[in-house]
Amino acid sequence: MKRSKLLIFIPLIFITNYTYSQESNSSIIIETAVFKTEAHYQEYYATNKIKDTYENRNTYGIIISYSKRINLFSDYKLELRPSILLGDYDVMGVDVGLYLRSSLYWKIFGLVGLNAHYNFGNSDNHNTWRRKSLEGIYLFYGGSLGLKLSERISLQIGYYFTAKNNWRNSWSSDLMRSIHSETDEKLFWVIKVGVEINI
């Protein structure tokens, strides 16, 4: 895994945070992310397929974001949100989100937009097995709802889906029993729940 990219991005978030910390349209967001995946598992005895199943799975992460908002018109704001995603090695990476944000009703606000996730990718293997997640960009579309608890603190919940879903694959072999298996896992959507702190 390319940890040097991660180490470069962390100071960038803090430098940006320090530079713009006096702006009223800035915040730090910490979210828990739950990714929905589907695994297609196939098992073979020699060349004969003996098992072919699909299984729904979840993988988890923590997202730390810096949010910079620019006033457009009325209650609408353009929000730029660079982030870092920590958690499962196979989904770790950096994000950049672009959203349209607006007050909806009372203390409730909404966001719709696009989030580009750059997945670092990860690979691990041995003589009889291998597991690899793909490095690359995944685009997520969706939106979030937020509730202002105070002038500084808000809660947010969001749902985002991706069109590019090939994510992780693995294989293993049991040479003694002449059995080998293959798994292809697809990434479908993510739910984010978190807190926003205005700075």
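Quantities reported herein were computed from a predicted structural model and do not represent experimental measurements.

Novice: So what exactly am I meant to see when it comes to the overall build of the protein chain here?
Specialist: Along the protein chain, the regular secondary structure elements total one helix and 11 strands. Listing each helix as α and each strand as β along the protein chain from the N terminus yields α-β-β-β-β-β-β-β-β-β-β-β. About 11,300 Å² of surface is accessible on the protein chain, with carbon and sulfur atoms providing 61% of the total.

Novice: Whenever I open this one, the side chain of Glu185 confuses me. Can you help?
Specialist: Residue position: Glu185 is located in strand β11 (residues 179-198). Here Thr37 takes part through its side chain, which lies 2.7 Å from a polar atom of the side chain of Glu185. In terms of polar contacts, Glu185 uses its side chain to reach the side chain of Arg57, at 3.4 Å. Setting aside chain neighbours within four positions, we find Glu185 in contact with Thr37, Glu38, Ala39, Arg57, Asn165, Asn166, Trp167 and Arg168.

Novice: Hey, could you run me through the pattern of salt bridges in this one?
Specialist: As a working rule, side chains carrying opposite charge can pair if their charged atoms are close by. Tallied over the entire structure, the rule returns eight salt bridges. The shortest N-O distance in the salt bridge between Asp52 and Lys49 comes to 3.3 Å. Among the residues examined, Asp52 registers a relative accessible area of 40% and is labelled partly exposed. Overall, Lys49 belongs to the partly exposed group, its relative accessible area being 43%. Its salt-bridge partner being Glu79, residue Arg101 comes within 3.0 Å of it at the nearest N-O pair. On the criterion of sequence distance, the pair formed by Arg101 in strand β4 (residues 93-105) and Glu79 in strand β3 (residues 76-87) is long-range, its members being 22 residues apart. Overall, Arg101 belongs to the buried group, its relative accessible area being 8%. One connected set of salt bridges, linked through shared partners, spans Glu31, Arg69, Glu79, Arg81, Arg101 and Glu196.

Novice: What is the right way to read the side chain of Asn119 from this model?
Specialist: By the secondary structure assignment, Asn119 is in strand β5 (residues 108-119). Of note is the side chain of Asn119, whose polar atom sits 3.2 Å from the backbone oxygen of Asp90. Sequence-distant contacts of Asn119, that is, excluding residues within four places in its chain, are made with Asp90, Val91, Met92, Ser133, Leu134, Glu135, Gly136, Tyr138 and Trp167.

Novice: Is there a simple way to explain the environment of Thr59 in this structure?
Specialist: Checked against the element boundaries, Thr59 lands in strand β2 (residues 48-73). Expressed as a C-alpha distance, the spacing of Thr59 and Val190, which sit 131 residues apart in the sequence, is 9.4 Å. Those residues in contact with Thr59 that sit more than four places away from it in its chain are Ala33, Val34, Phe35, Thr37, Asp88 and Trp167. For Thr59, the side chain forms a polar contact with the side chain of Asp88, separated by 2.6 Å.

Novice: Would you explain the environment of Gly97 in this entry?
Specialist: Structurally, Gly97 is set in strand β4. For Gly97, a relative accessible area of 0% gives the class buried. Considering only alpha carbons, one finds Gly97 and Gly113, 16 residues apart in sequence, at a separation of 7.4 Å. If we skip the residues at most four places from it in the chain, Gly97 touches Glu79, Leu80, Arg81, Leu114 and Asn115.

Novice: Is there a simple way to think about the nonpolar core in this case?
Specialist: Most often, soluble globular proteins keep nonpolar side chains buried together rather than apart. With 14 residues, the main nonpolar core has Phe35, Phe140, Leu187 and Val190 as its most contacted residues. When residues of this core are traced back to their parent elements, those giving at least two are β1 (26-45), β5, β8 (136-148) and β11. For Phe140, the contacting residues outside a window of four places in its chain are Phe35, Gly113, Leu114, Asn115, His117, Tyr160, Phe161, Thr162, Leu187 and Val190.

Rules behind the numbers
Residues numbered from 1 in each chain as written. Predicted model: local features only at pLDDT ≥ 70, side-chain atom pairs only at ≥ 80, totals over all residues. Heavy atoms only, no water. Helix = DSSP H or I, 4+ residues; strand = E, 2+ residues; numbered from the N terminus. Areas by Shrake-Rupley, 256 points an atom, 1.4 Å probe, with all protein chains shown as cover. Polar contact = N/O pair within 3.5 Å; in protein donor to acceptor, adjacent residues only side chain to side chain. Contact = heavy atoms within 4.5 Å. Salt bridge = Lys/Arg side-chain N within 4 Å of Asp/Glu carboxyl O. Buried < 20%, exposed > 50% of the residue type's maximum accessible area, 1.4 Å probe, protein only. Core = buried A, V, L, I, M, F, W, Y, C linked by side-chain atoms within 4.5 Å.

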